[in-house]
Amino acid sequence: MKKELVSVLAAAVMVSSMIAGCADKSAATIETVEETAEDVAEETEEADEAQEEAAEETVEAAGDYHIGIVTGSVSQSEDDRRGAEAFQAQYGEDRVILATYPDNFTEELETTIQTIVNLSDDPDMKAIVVNQAIPGTTEAFRQIKERRPDIICIAGESHEDLPEIGSAADLVCNNDFVARGYLIIRTAHELGCDTFVHISFPRHLSYETMSRRVAIMKAACEEFGMEFVMESAPDPTTDVGVPGAQAYIAEHVPEWVEKYGQNSAYFCTNDAHTEPLLRGLLENGGYFIEADLPSPLMGYPGALGLDLTEEAGDFAKILAKVESAIVEKGGAGRFGTWAYSYGYTVSAGLAQHAMNVIDGKSDLTDIDDISAAYEVFSPGAEWNGSNYTNADTGVKADNTFLIYQDTYIMGDPGKYMGSTQVEVPEKYFTTK
């Protein structure tokens, strides 16, 4: 079976880059195909019907077993939790067991490990999905395998080095920090940006995934003739907490935009930083290509003051409402996302994949089977990706995959950037 991610829906329309940016003489020209959020809603109507049919077909899973999903809290990673709840709603609370790791997980490592391990006490537990797989997940999986080798351990969006967690997990799926490190910069360039500002803190920069992405972003900025800037912000898991970290971002965005100019693009590695960053950029100027873990729900509702209760669970309608608010506030062509929440899809999609594997319908490490499970919760979306490549050895891992969805820039009309169609230069896969 092929080891590259293909489109999760055969009927999905391949679309590409928008807004002609400041031309780079060495960059290839990308043709533009327009598609608004309303178009997305119309085009996915049939896909939604297919999703409902798939749900009806799979709701009666074979055997009387349980699947556990561990996520962060709603305050730390709402999309991850909502995806777990959606999967539970589809298959029932008696089949799907949810757990939450501590918000301050860096200082509560033992609690984190025990929260995950406790799920294996259930004799009917057959698979455990952790999203995001924060520090402690590897150790928890090792303990689970010692006592219950029959349980399938799956890590979504690992914070630990991928070779390390890959040695304990049966399957690891992360956002494609390699391809996205290049594509986010390429997209910023296509939109006319001349400066890229990366906002993070030491804990995140110690992760292999994020440190390699920084190196790739720097190299890509050089390729496209852009300035790369690093800004530091407080870690929400420290004593300042989420309120203090968000206050810092809110205070500094105006001076950053004044310093780096209106054609500067911003990226933060922490979910809690996203809302104040978006609010500040809407008020002061600047660009935001997509979040670290992209979603129309990541930061946008709070930054825009939106109530999405009526649209809950319908990402086509959520995207349309967010886009309308962005345009109304003068942000057309400057703010992007993925049409479907990454965190939501990972929680629900990996749990669906685990169920398919247990039922004998899928192979655990077959990328086509993984994408088919994601399809159930992201109808009409384009995905791409590859096996994780170890930058030191050049060896590709068999059980670790990097994935990404096409970038959608909101506007009147909004457009997909065609990111899933761009071939990432091979040199970036070993950049570190």
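This text goes with the structure placed above it.
As the structure is a prediction and not an experimental result, all values here were calculated from the model.

What counts, and where the lines are drawn
- One numbering rule holds for all chains: residues counted from 1, following each sequence as written.
- Local features in this predicted model are restricted to residues of pLDDT 70 or higher, and side-chain atom pairs are both shown and tallied only at a pLDDT of 80 or more, whereas totals for entire chains, interfaces and linings draw on every residue.
- To obtain the side-chain values, all non-hydrogen atoms of the structure were used and water was disregarded.
- Where helices and strands are cited, they refer to DSSP runs of H or I of at least four residues and of E of at least two residues respectively, numbered from the N terminus.
- The classification of residues rests on relative accessible area computed with a 1.4 Å probe and restricted to protein chains. Under 20% of the type maximum is buried, over 50% is exposed, and intermediate values are partly exposed.
- Shrake-Rupley sampling with a 1.4 Å probe provides the accessible areas, and residues are treated as covered by the protein chains on show and by no other component.
- Pairing between strands requires that DSSP locate at least two bridges from one strand to the other.
- Handedness is read with the strands pointing away from the viewer; a crossover is right-handed when the path from the first strand over the helix to the second is clockwise.
- In this scheme, a helix's expected span is set at 1.5 Å multiplied by one less than its residue total.
- Helix axes use the C-alpha atoms of the stretch in contact, all axes being lines fitted to C-alpha atoms, and the angles between their N-to-C directions lie in the range 0 to 180 degrees.
- The contact criterion used is simple: two residues touch if any of their non-hydrogen atoms lie within 4.5 Å.
- We place a 1 Å grid over just the protein atoms. Points where a 1.4 Å probe fits but has no way out form a cavity, open points with protein on both sides within 12 Å along at least 5 of 7 lines form a pocket, and any residue with an atom within 4 Å of a point lines it.
- Grid points are joined across faces, edges and corners, and a volume is the space filled by probe spheres set on the points.

### A closer look at the overall build of the protein chain
Piece 1. When helices and strands are tallied, the protein chain shows 15 helices and 13 strands.
Piece 2. In the protein chain, buried positions account for 62% of the 432 residues.
Piece 3. Carbon and sulfur atoms make up 46% of the accessible area of the protein chain, which amounts to about 16300 Å² in all.

### Description of the pairing of strand β4 (residues 152–158)
Piece 1. Most of β4 is tucked away: 7 of the 7 residues are buried.
Piece 2. The pairing of strand β3 (residues 125–133) with β4 spans 6 bridges and is classified as parallel. Within the sheet, the bridge partner assigned to I128 lies in β4 and is C153.
Piece 3. This β-α-β element, β3 to helix α5 (residues 137–147) to β4, shows right-handed connectivity.

### Overview of helix α13 (residues 315–328)
Piece 1. In this model α13 runs 20 Å from its N-terminal to its C-terminal C-alpha over 14 residues, within 8% of the 20 Å that 1.5 Å per residue would give.
Piece 2. Buried within α13 we find F315, A316, I318, L319, V322, E323, A325 and I326.
Piece 3. Backbone geometry just downstream of α13 places G330 in the positive-phi region, at approximately 80 degrees.

### What about the sheet that holds strand β8 (residues 264–268)?
Piece 1. Across the sheet, which stays open at both edges, the 3 strands sit in the order β7-β6-β8 with parallel pairing between neighbours. One side of each edge strand has no neighbouring strand; the edge strands of this open sheet are β7 (227–232) and β8. Shown here is a sheet whose adjacent strand axes are inclined to one another by a mean of 20 degrees, direction ignored.
Piece 2. Looking at chain direction, strand β6 (residues 195–200) and β7 are connected through 6 bridges and run parallel. What sits directly across from T195, in β7, is E227.
Piece 3. Against the sheet, helix α9 (residues 208–223) makes contact with β6, β7 and β8, and its axis sits at roughly 150 degrees relative to β7, the strand it touches most.
Piece 4. Seen against the sheet, helix α11 (residues 271–284) touches β6 and β8 and runs at an angle of roughly 165 degrees to β8.

### What about empty space enclosed by the protein?
Piece 1. Applying the stated criterion across every chain yields a total of 5 cavities of 30 Å³ or more.
Piece 2. In this structure, the largest cavity occupies an estimated 240 Å³ of space.
Piece 3. Q132, H159, H204, N270 and D271 are, among the 22 residues lining the largest cavity, the residues nearest its centre.
Piece 4. Taken together, the elements giving at least two residues each to the lining of the largest cavity come down to α3 (74–91), β4, α8 (202–205) and α9.

### What to know about unusual backbone geometry
Piece 1. Looking along the chain, the bond that leaves N131 and enters Q132 is cis, with omega of 5 degrees.
Piece 2. P413 follows D412 through a cis peptide bond whose omega is 5 degrees.
Piece 3. Along the polypeptide, P413 turns up in the loop between β12 (408–410) and β13 (415–416).
Piece 4. Phi is positive for E157, close to 50 degrees, though the residue is something other than glycine.
Piece 5. On the secondary structure map, E157 appears in strand β4.

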